[in-house]
Amino acid sequence: MCFQQKMIHSLFLINCSGDIFLEKHWKSVVSQSVCDYFFEAQEKAIDVENVPPVISTPHHYLISIYRDKIFFVSVIQTEVPPLFVIEFLHRVADTFQDYFGECSETAIKDNVVIVYELLEEMLDNGFPLATESNILKELIKPPTILRSVVNSITGSSNVGDTLPTGQLSNIPWRRAGVKYTNNEAYFDVIEEIDAIIDKSGSTVFAEIQGVIDSCIKLSGMPDLSLSFMNPRLLDDVSFHPCIRFKRWESERVLSFIPPDGNFRLISYRVSSQNLVAIPVYVKHMISFKENTSSGRFDVTIGPKQNMGKTVEGVVMTVHMPKAVLNMNLTATQGSYTFDPVTKVLTWDVGKITPQKLPNLKGIVNLQSGAPKPEENPSLNIQFKIQQLAISGLKVNRLDMYGEKYKPFKGVKYITKAGKFQVRT
Amino acid sequence: MRRGPCCWLETTMTDSKYFTTTKKGEIFELKAELNSDKKEKKKEAVKKVIASMTVGKDVSALFPDVVNCMQTDNLELKKLVYLYLMNYAKSQPDMAIMAVNTFVKDCEDPNPLIRALAVRTMGCIRVDKITEYLCEPLRKCLKDEDPYVRKTAAVCVAKLHDINAQLVEDQGFLDTLKDLISDSNPMVVANAVAALSEIAESHPSSNLLDLNPQSINKLLTALNECTEWGQIFILDCLANYMPKDDREAQSICERVTPRLSHANSAVVLSAVKVLMKFMEMLSKDLDYYGTLLKKLAPPLVTLLSAEPELQYVALRNINLIVQKRPEILKHEMKVFFVKYNDPIYVKLEKLDIMIRLASQANIAQVLAELKEYATEVDVDFVRKAVRAIGRCAIKVEQSAERCVSTLLDLIQTKVNYVVQEAIVVIKDIFRKYPNKYESVIATLCENLDSLDEPEARAAMIWIVGEYAERIDNADELLESFLEGFHDESTQVQLQLLTAIVKLFLKKPTETQELVQQVLSLATQDSDNPDLRDRGYIYWRLLSTDPVAAKEVVLAEKPLISEETDLIEPTLLDELICYIGTLASVYHKPPSAFVEGSRGVTHKSLLPRTGSNESVESPDTAPSGGPAADQPSVIPTQGDLLGDLLNLDLGPPVSGPPMATAPVQMGAVDLLGGGLDILMGGTGGSFTPAPNTAAPTNVGAPLGTGLGDLFDLTGGVGTLSGSYVAPKTVWLPAMKAKGLEISGTFSRQVGSISMDLVLTNKALQVMSDFAIQFNRNSFGLAPAAPLQVHAPLAPNQSVEISLPLNTVGSVMKMDPLNNLQVAVKNNIDVFYFSTLYPLHILFVEDGKMERQMFLATWKDIPNENETQFQIKDCSLNADAVSSKLQGSNIFTVAKRNVEGQDMLYQSLKLTNGIWVLAELRIQPSNPNLTLSLKCRAPEVSQYIYQAYETILKN
């Protein structure tokens, strides 16, 4: 008999200390020892983030993701699209997050039966079955304090005993018979700026990664149309399956029957250099002196193209070179910490007020005798700007068809730093 | 970004309590609980069982007890039992079959969830017997009113097919499955496609997904209807279709393009695969072709903003895509710029793609980035960045100067690994732009001492050799490397050999000694066949025709190709068909690595076919792929000529090797002549025996000039020598097509020879004799070719004394004195092995000083001492002593202790090993006792054999 082991064979969840704390097999049981190859790679990579996602072993392939301090290691045996597996693993992690509020070892162990039910429901024979949160939640109810208590008193169960209604319709992402007393539709336009700024302050690379996250609590089967003031900004977009692609192609309108609850409607990318404003600038002077085992550190952050809004939640992190022993700095604003083990300097700046620019300055002590560090540390900046989509994207209007009631509608904009790096 | 309530976990009512009972007797306890009357207790027990299962504990022993809980109307309990069953059904099929009646019953349950669970679990039980029970429920479930049941049943068909393919076909399940492709529910469609493609893949001959325009249309419609996972299956399935003309290809592309905007990256990449493949059929003049190219860029770039694991897979695929169609991403260089906190595996891939996209337009930016990377922390990344600068120089000529100066800046940092990488790439730059940047050589030479990696050392040596005429102290530099010649890696040794030969040809007067030194190091003291071969080739070239040598060694080298490590075009085309798969991550076709990949067929890109042209039209027929206009990546490897011309290591040579044809022809002649000389003029082509990599080993003694290299003296002294055993037959005629060889070994005044008698017992004349030895324990090798002056007529014999030396390559044999020989004649090559007596290796100066003997005897540990009995030897001490001396076993001292004679003897082997012996002779006892002490005790046994042989003859 010839086993055709297709798709995902097994899944192991491994924590950072290398304990396998959960395993699930969709086909025959694969021994835990297969994970030894993973541990080997992990050891070689030193840093957990650097473990290669695809590892080949004599008889299997291990495809893994690292999320929330957990490695999701899947075992496959034949030619399988790795992205398929990786996407699926992320979906599993999303589902845990969604069900338990966090995707952690404790949460998973505390809900191990639900986890097992979820995994069985998400994959059959290695094929993904139901990965939509809406459907899963109808098949397997998420735990709540109330339900656990009630269950233990009444002996009722947390397994849905009816079928998810969405299964019957052509819109698998929405269940039928949704009812709310307050009908609301919220859209969060969230933009993250990824940028690399070089020593001299000019932009090497910048782009905006935007998403529109929605929270829709509307009764019945609402059919929504969302239009923008400037839809031409969106030329590189990924859509939730609910969006009618043809309408977008012809009219540049997002037309869809939404899933119930929270979901990501679209994600988009704006890369045209002149459209990406850089809201902060950094003045820096980091130098190490030969033979004195010390160096100087002087960094100032200021606002740049911030469209008149306040830049807040500013945090700067710097991976200092290995030779750095400690740092004696003074911050004119906020507080700083330096971790001598990881060599990470974190400066929590807070809000930038243009009148008094935040500055962090002082002495860097190096290990005595160590050679002057060759590399210059990059500064990693985080910030937030409320009420602004830095690309200028603006929602024009939201129309609802198919239902009679008047929903409450809201749009919120926020801009954040993504991978925003300043080289020194 | 999912927002959910975060406070669920404060409860104490969690499943972690199920883990707490881990003492012995647990199974027993669980058993009791499972059989409890209380429903609640049962449920808790099953949960405990499942909790144990999740951490890999074997709870299969509870199978019957868990199955007993199955008959319940409590849905949760039932589901839990099914969870358990699904886990063990595959490994415990015989037990699972016990539950089959319940399964069948549950397939009729009013609750569709239960129907689905039952059919799903049944499919997991891999026993033939299950099939008879499964068929009817499955048939019903495939037509179930509920889509949840139908989609589960669809997958079940694939499972059943795996158990019993014939049955599935006979029962008509495949047709039902095909019908499900047009189901109204997207999940059913998705699973039907998944099941069909799995079945099709495991049975390539089944014609299951015989794709025709109608079925393609059905799939394309389903593509819009089904879930994201199903879309991936459909797209992968479409990619195997061969459109009949460009119009059909275009119309499929049009319908696939919207998938590029999907949020699921696997859908996007599968769509890219279909488009990349079908684009091959579209004419480049078509407007649509251009539109499509433009549409491909944004989704690929978007993949790079996803999680790092996704980025990695995307980057591996983009690497293929930019090699195939660089125009797609030529304006997107910046998205590949490396962020310092990217994982290392992403960084390295990005760097690779940056180089592939580098062009005159963006080179300034790229170089600035690379320079930045070269100061990062991660060593692997820094190395690759430095290397990338060199690749830029080679790829974009206009930037070469800038690259070289950047590299020089980096060398100034004196960071060891940066310097070494820089030197390696500068060598390549020299090969691409000869006579342009040699001004930097001085700077390079300053760093000679810091190079400790073979590749960097080899590169530096190459540079010194290549530009020897411009480096005043080139000979000193090269000589300094020569000191530790044997500790160098092969790469460095080869390079050093070539460099010194180049130097010699450029400055012959001052470097004669150096070249002799390196040639003898390479040919005599090395056991690396490549090194020896190259050494001999140079040696012969130099000794026969220095002018020709100059022409060959200093020939103008072909410039290295524009871009290194491109994937070979045919492989690239194949890999494009595997975009998104593991093959694309490993850049190898699946057949090369997927275990048990059944029915993997080689895929290739489609030929372009116009809809308005007839297929038979000659100009469209075999256009196959773009292979013809691609530069050939590497010339033949491993053949002698290729080897000769490729003496310089380095990146692949661009252009076909025929470009240097005249030189090549010269090489052939030279080589032929050389071989003739080597073979002693017996003519003909000598085929080396397969188990010896080197040609016959002509070991010229150290220090002889080049001139008398081949002046072989077969000087046969006739002084009394070592004992010579009578000849025995080594190779019977039966085994060698009529050639019989008998022989023995002898040692006379320091020279060893193999005395052979060749007898022709065949009916045809034999000629063209040659001989070769395999590597052996003491490096025995013929010191001259096998000289058979006239052809050997039938029934004729010839006696030959073949001089041997011991400078051949050494390999420990078992037994130690085993010698494997290959003899060739005009008929064939024959092999035999023989044992040689060790005393032919006892050298003439094997007498040790007494003091020395005493000291050495004490010095050698006692565990190295071995004792032997030589029986039935009635010789007295003096006779023994003189007999042994004839074979170079010397008596150092003689003592008489309590009436017995003690002889203390020494001997030395050709490889310098000393053996010390104590021989006890008792007048009344014909048995002698021999004690041997040697630092290499493994020879003792053979020494003893030699003693026996000598004394008894």
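Rules and cut-offs
Residues numbered from 1 in each chain as written. Chains lettered and ligands numbered in written order. Predicted model: local features only at pLDDT ≥ 70, side-chain atom pairs only at ≥ 80, totals over all residues. Heavy atoms only, no water. UniProt positions renumbered as here; feature names shortened; annotations may be inferred. Contact = heavy atoms within 4.5 Å. Buried area = accessible area lost by both parts, 1.4 Å probe. Salt bridge = Lys/Arg side-chain N within 4 Å of Asp/Glu carboxyl O. Polar contact = N/O pair within 3.5 Å; in protein donor to acceptor, adjacent residues only side chain to side chain. Helix = DSSP H or I, 4+ residues; strand = E, 2+ residues; numbered from the N terminus. Axes fitted to C-alpha atoms, helices over the stretch in contact; angles between N-to-C directions. Parallel < 35°, antiparallel > 145°, perpendicular 65-115°, else oblique. Left-handed = near helix turned anticlockwise from the far one by under 90°. Nonpolar A, V, L, I, M, F, W, Y, C, P; charged D, E, K, R; others polar. Pairing = 2+ DSSP bridges.

Within an unreviewed UniProt entry, the label attached to chain B reads AP complex subunit beta, and the organism entered is Cyanistes caeruleus. In the Sequence similarities (unreviewed entry) part of its UniProt record, chain B is described as follows: "Belongs to the adaptor complexes large subunit family."

Per an unreviewed UniProt entry, chain A goes by Adaptor related protein complex 3 subunit mu 1 and derives from Cyanistes caeruleus. UniProt, in its Sequence similarities (unreviewed entry) section for chain A, records the words "Belongs to the adaptor complexes medium subunit family."

1. So, the interface of chain B and chain A
Facing the 109 residues of chain B at the interface are 126 residues of chain A. Buried surface at the junction of chain B and chain A, summed over both partners, amounts to about 10500 Å²; 57% is from carbon and sulfur atoms. Applying the counting criterion to the chain B and chain A interface returns eight salt bridges. Measuring nitrogen to oxygen at the nearest pair gives 2.9 Å for the salt bridge that ties B:Glu228 to A:Arg91. Inspection of the chain B/chain A interface yields 23 residue pairs in polar contact (both at pLDDT 80 or more). Of all the elements, helix α12 (residues 186–202) of chain B adds the most residues to the side of chain B that touches chain A, at eight residues.

2. Observations regarding the packing of helix α8 (residues 130–142) of chain B against helix α9 (residues 147–163) of chain B
Residues and elements named next belong to chain B. Direction vectors running N to C along α8 and α9 enclose 150 degrees, while the axes themselves pass 9 Å from each other. Considering their axes alone, α8 and α9 lie roughly antiparallel with respect to each other. For the element pair α8 and α9, the recorded crossing hand is left-handed. Counting all contacts with α8, which are made through Thr-131, Leu-134, Leu-138, Cys-141 and Leu-142, the residues of α9 involved are Val-149, Arg-150, Ala-153, Ala-154, Cys-156, Val-157, Leu-160 and Ile-163. Taken together, the residues of the contact of α8 with α9 sort by class into eleven nonpolar, one polar and one charged.

3. Looking at the pairing of strand β16 (residues 312–319) of chain A
Residue and element names in this part refer to chain A. As defined by bridge partners, β16 adjoins strand β21 (residues 379–386) across five bridges and the pair is classed as antiparallel. Within the sheet, the bridge partner assigned to Val-318 lies in β21 and is Leu-379. In this structure, β16 lies alongside strand β19 (residues 344–350), joined through six bridges in antiparallel fashion. Each bridged residue has a counterpart across the sheet, and for Val-314 the counterpart in β19 is Gly-350.

4. Points about the sheet that holds strand β15 (residues 294–303) of chain A
Residues and elements named next belong to chain A. Strand order across the open sheet formed by four strands is β14-β15-β20-β17, with antiparallel pairing between neighbours. Each of the sheet's edge strands pairs with one partner strand only, and the pair in question is β14 (280–288) and β17 (324–331). Each strand of the sheet is rotated relative to its neighbour by a mean of 15 degrees, with strand direction disregarded.

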